[in-house]
Amino acid sequence: MSVLIKGGRILTAADDYVADVYAEDETITLIGESLDVAADKVIDASGKYVLPGCVDPHTHLDMPFGGTVTIDDVESGQTAAAFGGTTTHVDFVIQPQGATFAQALDEWRAKANGKQVIDMGYHMAVTDLKEGGTLEELAQLPDEGVTSYKLFMAYKGALMVDDETLFRTMEVAAETGALVMVHAENGDVIDVLVKQALEAGHTEPLYHALTRPPEAEGEATNRAIQLARLAGAPLYVVHVTCREAVEPIARARDKGWEVWGETCTQYFFNSLDDIAKPDFEGAKYVYSPPVRDKSNWDVLWNAVRTDTLSAISTDHCAFLWDGQKTLGKDDFSKIPNGAPGLEN
Ligand SMILES: [Zn+2]
């Protein structure tokens, strides 16, 4: 099977030009102006962009969260991705409490078996180095094809790790060359603010954002950067949303430290105005870190332009409205955190 894509505007990491693309059996063999070749299928792409497949480095398919499970499994999530032009994604294995990393990886691979539509990889979310996984096992993960360790500095009582676990994982990463990824929010402080808000009778979705302020993200981002520096590990801060987190990343990168930042599509377009919508409508915009004040949109665009933030993901984490988002109808802290985006 051969395909000729004619007259499209081709964008690659390096170039931007109008040309034809010829592919045989899923491999591009020729790119040039006005190609004169016969093809089984000819597509007129004039006036359109022609891009390589996108890579989404941050998704959650078939993942347990807050007493429920994300609604997209590997098949439906990857099908959506393919329709949007994303041909590779990296999902998070979440180590169940008490489970070894091998058990966790087996469980996640079983979820994908026979359901894959596009290419995928895994990050390992380290939640427990006391009862389950060991440092030795963590060190072997790169040999299994998992070259990144993710740690949650938030979600107290669930996924959150203490600084000891964070730092020990960073030390292993410094040895193995794996990348340390952090969800950077101060979970202890957020836990206090959530309790105070609920005690004061604030149950609506807006309080999800108000109890997870930018300072909590900035503090955790800076803490992770300093600890990674101390351990000698490379660091990747996922889903950066605000000035308070962009600034320490910019400082670290200015110094030449091995620090990278990622943001997500939703943080360029959604804000506190969305989560404040009445009649529980704001629950659709409940994810963590939360939507921010609009003034952060420009901060993020500039950070992407200047390569302070180096990656854009979706943090795809989809829940149904009925029966999932509505779990938090009377208590914002029970709304499953996440929104869809993989087709973006
Ligand atoms: Zn995520």
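Cut-off values and rules
Residues numbered from 1 in each chain as written. Predicted model: local features only at pLDDT ≥ 70, side-chain atom pairs only at ≥ 80, totals over all residues. Heavy atoms only, no water. Core = buried A, V, L, I, M, F, W, Y, C linked by side-chain atoms within 4.5 Å. Buried < 20%, exposed > 50% of the residue type's maximum accessible area, 1.4 Å probe, protein only. Helix = DSSP H or I, 4+ residues; strand = E, 2+ residues; numbered from the N terminus. Contact = heavy atoms within 4.5 Å. Pairing = 2+ DSSP bridges. Axes fitted to C-alpha atoms, helices over the stretch in contact; angles between N-to-C directions. Polar contact = N/O pair within 3.5 Å; in protein donor to acceptor, adjacent residues only side chain to side chain. Donors = N, O, S within 2.8 Å, 3.2 Å for Na, K, Ca; no water. Expected span 1.5 Å × (residues − 1). Arc of directions from axis to C-beta. Domains from an automatic or database assignment.

S.K.: For the nonpolar core, give the residues involved together with the corresponding values.
M.R.: In terms of nonpolar packing, the biggest core is built from 80 residues, with M124, M170, V182 and L235 touching the most fellow members. Here the element with the most residues in this core is helix α7 (residues 214–231); it accounts for seven residues. If we skip the residues at most four places from it in the chain, L235 touches M170, L179, V180, V182, A224, I225, A228, E258, V259 and W260. Formed by five residues, the second largest nonpolar core is a distinct cluster that contains A19, V21, A45 and V50.

S.K.: Give me the sheet that holds strand β6 (residues 54–59): which residues, what numbers.
M.R.: Judged by pairing direction, the sheet is parallel, and its eight strands sit side by side in the order β6-β9-β10-β11-β12-β13-β14-β15 without closing on themselves. Two strands close off the open sheet at either side, each with one partner strand: β6 and β15 (311–313). In this sheet, neighbouring strand axes are inclined to one another by 30 degrees on average, regardless of whether the strands run parallel or antiparallel. Sheet topology places strand β13 (residues 235–237) next to strand β14 (residues 259–264); three bridges connect them, and they run parallel. Following the sheet pairing, L235 is matched in β14 by V259. Along the sheet, helix α1 (residues 74–84) contacts β9 (86–94) and β10 (119–125); its crossing angle with β9, the most-contacted strand, is approximately 150 degrees. Against the sheet, α7 engages β12 (179–183), β13 and β14, with an angle of about 170 degrees to β13.

S.K.: How would you explain the environment of H202 if you had to name every residue and give the values?
M.R.: Relative to the helices and strands, H202 is located in the loop between α5 (187–199) and α6 (206–210). Judged by its relative accessible area of 26%, H202 is partly exposed. For the pair H202 and E144, spaced 58 residues apart in sequence, the C-alpha to C-alpha distance is 46 Å. Those residues in contact with H202 that lie beyond four places of it in its chain are A197, Y207 and F332. A distance of 3.3 Å separates the side chain of H202 from the side chain of Y207, its partner in a polar contact.

S.K.: Account for unusual backbone geometry, with residues named and values stated.
M.R.: Backbone torsion omega between S288 and P289 reads -5 degrees, so that peptide bond is classified as cis. Note on placement: P289 falls in the loop between α10 (272–275) and α11 (295–305). Within the chain, D62 stands out as a residue other than glycine whose phi angle is a positive 55 degrees. Here D62 lies in the loop between β6 and β7 (64–65). With relative accessibility at 19%, the residue D62 sits in the buried group. Non-glycine residue F280 carries a positive phi angle of around 70 degrees. Of note, F280 is situated in the loop between α10 and α11.

S.K.: Outline the coordination of the zinc ion, listing residues and values.
M.R.: Of the protein atoms, only H58 (NE2), H60 (NE2) and D315 (OD) coordinate the zinc ion, at distances of 2.1 to 2.2 Å. By relative accessible area, which is 1% here, H58 ends up buried.

S.K.: How would you sum up helix α4 (residues 163–176)? Please name residues and give values.
M.R.: The end-to-end C-alpha distance of α4 is 20 Å, a good match for the 20 Å that 14 residues give at a rise of 1.5 Å each. Of the positions making up α4, those classed as buried are T165, L166, T169, M170, V172 and A173. The arc enclosing the buried residues of α4, seen along the axis, measures out at 160 degrees, which places them on a common side. Of the residues flanking the end of α4, it is G177, one or two places downstream, whose phi is positive at about 85 degrees.

S.K.: Talk me through the domain arrangement of the protein; I want residue IDs and the actual numbers.
M.R.: Split into domains, the protein comes out as domain 1 (2–50) and domain 2 (54–334). The straight-line distance from the C-alpha centre of domain 1 to that of domain 2 is 37 Å.

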